[in-house]
Structures are given as structure tokens and as C-alpha cells.
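Listed below are the residues making up each chain.
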Amino acid sequence: MRLSHALTTLAVLGLSAAGCGGSPTRSATAVPPAAPGYPVTIANCGQTYTYDRAPSRTVLMSGGAVGQVSSLIALGLEARIVGNAQNYGASDVPGRADAIDRLPKAKIQQGSWDITREGMLALRPDLVIGTTGFDFDAQNGYATRAELLEIGANTWLPDSTCGGPGTVKGTQTIEDSYDMLRDFGRIYGVSDRAEQLIERSKRRIKKIAAKVEGVSRPKVMYIIPGMQMGAAEFSSIGANGIWNDIFDKAGGVNAFGDATKEIFANLSKERVAKTDVDAVVIVNWRNPDPDAEAAKLFAQFPHWQAAKDRRYVVLSDSAYLGPDNAVAVERIARLLHPERF
């Protein structure tokens, strides 16, 4: 399936509450008093947005990611979602995929994978969460951040992808997942829950990293079969995303980390064949048989050590910006260094 815009991360992710204003000017309306613990001001993508209460009509743009909706579910905020376009049909966390399926679904633009401007405005959101700047690009047929602010909706994006995948500011790390959780915690008045999630993740990752300290570092490929980011045959190979930090904590290194400065590498079969690959992470993005994708890849590149050892793991949402990076770290570490577990 060809995507109209790129995935972030990763993998990879906001809006403001009803009756709350941002620093940009909005239409003059009567503003009710702030709720207890509010107002809260959040800096995002070069602007500040003020929340007078927790959002109650949140909409999530897809952008190819699933980490934002997973974060809201992990924080217990399902009841505050009125439209969701993020869904991989799978999750690395038991029960998460079913929880996502139960959320109100947003009407997706025909021929695309996200919510039209008209569909978005009809949902009357008070917070819209995106993945990249493309989610608010009028040329894509989507409502802009300024248009949403006019109807009382703030927006939230990862600061690293405000301008879209072509203008990424640095490589995301696990700390960016924690920053996102903290923002959502403050926006929704659940900072205590956010900090608990963060601390559990930190403890788990620290324990895993200690197990693989001093090991040799296998070269890992991260690929999303079925997702096309460019014209080349292999255009969905992760290059510079949060997965690099995950690999590092798991005792590995990205085999294609130097292929491009972009999030995803857009490579020919010949270029891929020249790269040493010791293990593969197959990302399950709406894929009916991810194991078959691994077999297909190994048949194409039988000289890889990964193919000889049949060394791969299937992940879905844990290797993106989100609440479950520790799951990805542990599963990859066990793949790369089983003798340490």
C-alpha cells in the first residue's frame, strides 16, 4: 500500500481542551472558569497552547503511527477519545489491540488513511493529536492547526516531526516517549499516572541493558513490509528513528543507520544485499502474516547471517514513540543475546 506521507515513529504523535485557548488568537467566545489544577500551558512545535480543563473530545490522526493512541489507553483516557485513526490491528501488549478496536473510529479519507478536513470539523474536537506536520497540511486535505484552533481545538505533535518527515529535527529516543507521556499527563491532569509508567519503563530497560552490557553488537534491520515510503523497492527500512535507541539498549546496532539522514531509507535491492544483517525486526502493520514476510526476505538475501540463523522478531507498536518501548528492548535483547537471559 502506498502511503501519502511518511511514518514517524516512530514510530513515533495533540490538541487542546474545549473552552481552552492557545497563544495564537482565536475567535472571541465566552470562556468558562478553569477546572481545578488548570490552566496548563504546553509548548509544542514553536507555539504554546493553554488548557483550561482536560480535553473530552480527542481525535487522533493516523500519520502511520499507533503510539499516541496506545499512550492514551495506557493512561486510562479511552473515554476522552471521540475519533481514532490509529490502528495496526495488532499490539505487543496483551489486550491493547482490542482496546483500540473498541474506540470510536474516525471516517478516513477515501484513497488515503487519515481524516479529511470536513470529517475532522464534524467531530467537534477539543484536542487533535498528530504524528507529523503532514497531518495538518491543507494540501493533503486535512484541517490545519490554525483552523482547528479557530473551533477551540488545540493540537499536539512530536516536536521532532512538526514540519513533516522531510524536516525531522534529530533522531527520536526513548526519552521522547517519556516527554510525550509527560505532556499528555499534564494536558489530561493525570501526571501521576504518566510518571508511574515512565518509572516502570526506566527500571525495566535499565535491568535489560545491564544484562547485555559489554556484548558484541549484531547488526539489525528494521523493516515495515507492505508500507511504501518512496519509489525504491525497499523504502520502509528504518534508518533514523527511536528504534536506534531501542537497539542500543538491547545490545544491537541499526544495520542501515548510516544509509540516510531521513527516518526511513529508500533503497534498491542491490544496496540492501550489500549490507550485513545479523537479525531482522519485522513490524506488523496491518499484516495478515508477518512471519511469511520474514521468510520472503530471507529467501531474497540468503547470504545474510540473519537468513542463515532465521533470526527475527515480529513487533508492532512497542518500537514507536509510545508507552511500551521497554517491551521492544526486551524482545530484541532476547533475540540478539539469548545467552544473557
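Remember, it's a predicted structure, so these values are computed and weren't measured experimentally.

**Re the state of the cysteines**
Right, on to step 1. Taken as a whole and judged by the stated rule, the model has one disulfide.
Right, on to step 2. Here C45 connects covalently by a disulfide to C162, the sulfurs 1.9 Å from one another. The disulfide joining C45 to C162 has a torsion of about -85° about its S-S bond and is therefore left-handed. Pair noted here: C45 is in the loop between β1 (40-44) and β2 (47-51) and C162 is in the loop between β6 (154-156) and α5 (174-188), with a separation of 117 residues, a long-range link.

**Things to note about the pattern of salt bridges**
Right, on to step 1. In this structure the tally under the stated criterion is 10 salt bridges.
Right, on to step 2. With its nearest N and O atoms 3.8 Å apart, the salt bridge here joins R182 to D179. Pair noted here: R182 and D179 are both in helix α5, with a separation of three residues, about one helical turn.
Right, on to step 3. Residue classification places R182 among the partly exposed residues on the basis of a relative accessible area of 26%.
Right, on to step 4. A salt bridge links E330 to R334; the nearest nitrogen and oxygen atoms lie 3.1 Å apart. Residue E330 and its partner R334 are located together in helix α11 (residues 325-336), separated by four residues, close to a single helical turn.
Right, on to step 5. What you see here is one network of salt bridges that share partners, running through R96, D317 and D324.

**Overview of the layout of surface pockets**
Right, on to step 1. Put simply, the largest pocket is a space of about 330 Å³.
Right, on to step 2. Residue assignment for the lining of the largest pocket shows that the elements contributing at least two residues are β8 (234-238) and α9 (290-300).
Right, on to step 3. The dominant element in the lining of the largest pocket, judged by the number of residues it contributes, is α9, at four residues.
Right, on to step 4. Its residues assigned to classes, the lining of the largest pocket shows eight nonpolar, five polar and three charged.

**Quick notes on the environment of A54**
Right, on to step 1. Position of A54 among the secondary structure elements: in the loop between β2 and β3 (58-60).
Right, on to step 2. On the basis of relative accessibility, which here comes to 16%, the residue A54 falls in the buried class.
Right, on to step 3. A sequence separation of 20 residues divides A54 from A34, and the C-alpha atoms of the two residues are 9.8 Å apart.

**Description of α9**
Right, on to step 1. Buried residues of α9: P290, A294, L297 and F298, and no others. Viewed end-on, α9 has its buried residues packed into an arc of 95°, placing them on one side of the element. Exposed residues lying more than 90 degrees from the buried face of α9 are K296 and A299.
Right, on to step 2. On its buried face, α9 sits against β7 (219-223), β8, β11 (279-283), α10 (305-309) and β12 (312-315).

**What to know about the pairing of β8**
Right, on to step 1. Burial runs high along β8: five of the five residues are buried.
Right, on to step 2. Bridge analysis of β8 against strand β10 (residues 264-267) gives three bridges, and the strand direction is antiparallel. Bridge pairing links G238 to F264 in β10.

**Re unusual backbone geometry**
Right, on to step 1. Backbone torsion omega between Y38 and P39 reads 10°, so that peptide bond is classified as cis.
Right, on to step 2. For P39, the location among the structural elements is in the segment before β1.
Right, on to step 3. Positive phi values are uncommon outside glycine, yet C45 reaches one of about 55°.
Right, on to step 4. In this model, R310 sits at a positive phi of 50°, which is unusual for a non-glycine residue.
Right, on to step 5. On the secondary structure map, R310 appears in the loop between α10 and β12.

**Focus on the sheet that holds strand β5 (residues 127-129)**
Right, on to step 1. Here we have four strands laid out as an open sheet, ordered β4-β3-β5-β6, and parallel in their pairing. What marks the edges here is a single partner per strand, and that holds for β4 (81-84) and β6. Neighbour-to-neighbour, the strand axes of the sheet open up by a mean angle of 20°, direction not taken into account.
Right, on to step 2. Where β5 lies against β6, three bridges are found, and the strand directions are parallel. Residue pairing for β6: L127 is matched across the bridge by N154.
Right, on to step 3. Across the sheet, helix α1 (residues 67-74) lies against β3, β4 and β5, angled at about 145° from β3, the strand it touches most.

**Let's talk about the packing of aromatic side chains**
Right, on to step 1. Applying the stated criterion across every chain, the model contains eight aromatic pairs.
Right, on to step 2. On the basis of an interplanar angle of 90° and a centroid distance of 5.8 Å, the ring pair of Y88 and Y320 is categorised as edge-to-face. You can see Y88 sitting in the loop between β4 and α2 (96-101) and its partner Y320 sitting in the loop between β12 and α11, a full 232 residues away along the chain.
Right, on to step 3. Given a relative accessible area of 2%, Y88 falls into the buried group.
Right, on to step 4. A relative accessible area of 0% places Y320 in the buried class.
Right, on to step 5. Consider the rings of F301 and W304, whose centres lie 4.6 Å apart with planes at 15°: the pair is stacked. For the pair formed by F301 and W304, the shared burial category is buried.
Right, on to step 6. A network of ring pairs unites the aromatic residues Y222, W243, F247 and F264 as a single cluster.
Right, on to step 7. Over the face of the ring belonging to F136 we find R145, whose NZ or CZ atom lies 5.6 Å from the ring centre.

Definitions and limits used
- Residues numbered from 1 in each chain as written.
- Predicted model: local features only at pLDDT ≥ 70, side-chain atom pairs only at ≥ 80, totals over all residues.
- Heavy atoms only, no water.
- Disulfide = S-S within 2.5 Å.
- Helix = DSSP H or I, 4+ residues; strand = E, 2+ residues; numbered from the N terminus.
- Salt bridge = Lys/Arg side-chain N within 4 Å of Asp/Glu carboxyl O.
- Buried < 20%, exposed > 50% of the residue type's maximum accessible area, 1.4 Å probe, protein only.
- 1 Å grid on protein atoms, 1.4 Å probe; cavity = no way out; pocket = protein on both sides within 12 Å on 5 of 7 lines; lining within 4 Å.
- Points joined across faces, edges and corners; volume = space filled by probe spheres on them.
- Nonpolar A, V, L, I, M, F, W, Y, C, P; charged D, E, K, R; others polar.
- Arc of directions from axis to C-beta.
- Contact = heavy atoms within 4.5 Å.
- Pairing = 2+ DSSP bridges.
- Axes fitted to C-alpha atoms, helices over the stretch in contact; angles between N-to-C directions.
- Phe/Tyr/Trp six-rings, centres within 6.5 Å; stacked < 30°, edge-to-face > 60°.
- Lys NZ or Arg CZ within 6 Å of the ring centre and 35° of its normal.

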